[in-house]
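A look at the structure
Single-letter residue listing:
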Amino acid sequence: MGFYFSLNSLVNIIVTLHLFVYTFPALFQIYLSYSSDFICKIYNFLLRVLYQTSSWLNVVITADRFIFILFPNKFELKKNKKLTYLILFGIFALICLTNIPNFTLYLVTLNPNSTAPVYTNRYCTSTSDILLIRSIQTITMRTALPFILMLIKKEIEC
């Protein structure tokens with residue numbers, strides 16, 4: 001269990017550092033902007049992968065505990081590190097695959113005051129269909145699906 005919790009803590013620390021570096025300065029009107037389409041795509045991809053990895057590590061921890069408590073002698077996943085790494089890699093690969101729509105984002109630069117070229121606002125966007133798919137995918141992969149899996153586990157347990 002220490003391995004799962006260490007990995008989950010590392011992911012949560014990275015997400016928290018992101019919060020301090022990018023979100024809190026925005027409260028003080030300091031905006032760290034994107035500089036290219038590539039950074040826009042990679043940044044959003046990595047951020048969503050990290051957010052979803054945290055949720056799915058909680059699902060893996062819950063499933064591991066569930067299997068260990070119900071079947072203490074039948075499944076010995078603790079002793080089989082290769083299988084554990086394969087499961088974690090499979091989940092991570094699935095999260096990466098489902099976040100492919102982030103690579104369709106592109107950088108938009110707005111200059112609301114044409115007489116002051118210093119002030120520009122940059123943000124990442126895409127077509128409305130892609131943004132909708134991305135939003136549904138985020139809600140499903142981060143919240144709904146892990147909750148449903150844990151609920152199913154709870155029903156099996158009862």
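Refer to the preceding data block for the structure.
The text that follows walks through the structure, step by step, so that each part is easy to find. (Residues numbered from 1 in each chain as written. Predicted model: local features only at pLDDT ≥ 70, side-chain atom pairs only at ≥ 80, totals over all residues. Heavy atoms only, no water.)

Comments concerning the layout of surface pockets
Under the convention used in this document: Cavities and pockets are found on a 1 Å grid laid over the protein atoms alone: a cavity is a set of points where a 1.4 Å probe fits but cannot escape, a pocket is an open set with protein on both sides within 12 Å along at least five of seven lines, and a lining residue has an atom within 4 Å of such a point. Grid points are joined across faces, edges and corners, and a volume is the space filled by probe spheres set on the points. Each helix is a run of DSSP H or I of at least 4 residues and each strand a run of E of at least 2, with the numbering of both proceeding from the N terminus. Note on residue categories: nonpolar means Ala, Val, Leu, Ile, Met, Phe, Trp, Tyr, Cys or Pro, charged means Asp, Glu, Lys or Arg, and polar means any other residue, Gly included.
Reported here for the second largest pocket is a volume of approximately 160 Å³. For the second largest pocket, the lining is made up of 10 residues, of which V60, A63, D64, I67 and I87 are closest to its centre. Residue assignment for the lining of the second largest pocket shows that the elements contributing at least two residues are helix 2 (37–70) and helix 3 (81–98). Partitioning the lining of the second largest pocket into residue classes produces nine nonpolar, no polar and one charged.

Overview of the side chain of Q52
The test is simple: Throughout, exposure labels follow a simple rule: accessible area from a 1.4 Å probe, protein chains only, divided by the maximum for the residue type, with under 20% read as buried, over 50% as exposed, and the rest as partly exposed. Definition of a polar contact: a pair of N or O atoms within 3.5 Å, with one able to donate and the other able to accept a hydrogen when the atoms are protein atoms, and with sequence-neighbouring residues admitted only if both atoms are side-chain atoms. Whether two residues are in contact is decided by their heavy atoms: any pair within 4.5 Å suffices.
Locating Q52 in the fold gives a position in helix 2. By relative accessible area, which is 1% here, Q52 ends up buried. A distance of 2.9 Å separates polar atoms of two side chains, one belonging to Q52 and the other to N99. With near-sequence residues (within four places) excluded, Q52 lies in contact with I95, T98, N99, Q137, T138, M141 and R142.

Considering the nonpolar core
The condition that has to hold: In this description, a nonpolar core means a group of buried Ala, Val, Leu, Ile, Met, Phe, Trp, Tyr and Cys residues linked to one another through side-chain atoms lying within 4.5 Å.
Counting seven residues, the largest nonpolar core is built from F45, V49, W56, V59, I95, C96 and M141. Taken together, the elements giving at least two residues each to this core come down to helix 2 and helix 3. With four residues, the top contributor of residues to this core is helix 2. Beyond its immediate sequence surroundings of up to four residues, F45 is in contact with C96, N99, N102 and F103.

Observations concerning the packing of helix 2 against helix 3
Under the convention used in this document: Every axis corresponds to a line fitted to the C-alpha atoms, with the helix fit spanning only the stretch in contact, and the corresponding angles, defined between N-to-C directions, vary from 0 to 180 degrees. Each angle receives one of four descriptions, namely roughly parallel if under 35 degrees, roughly antiparallel if over 145, roughly perpendicular if within 65 to 115, and oblique otherwise. Take the far helix as the reference: if the near one is turned anticlockwise from it by less than a right angle, the crossing is left-handed, and if turned clockwise, right-handed.
Where helix 2 contacts helix 3, the axes come no closer than 9 Å and their chain directions differ by 140°. On the basis of the axis angle, helix 2 is oblique to helix 3. Note that helix 2 runs across helix 3; the crossing there is right-handed. Facing helix 2, whose interface residues are F45, V49, Q52, T53, W56, L57 and V60, helix 3 presents L88, I91, F92, I95, C96 and T98. Each residue belonging to the contact of helix 2 with helix 3 can be placed in one class, and the counts come to 10 nonpolar, three polar and no charged.

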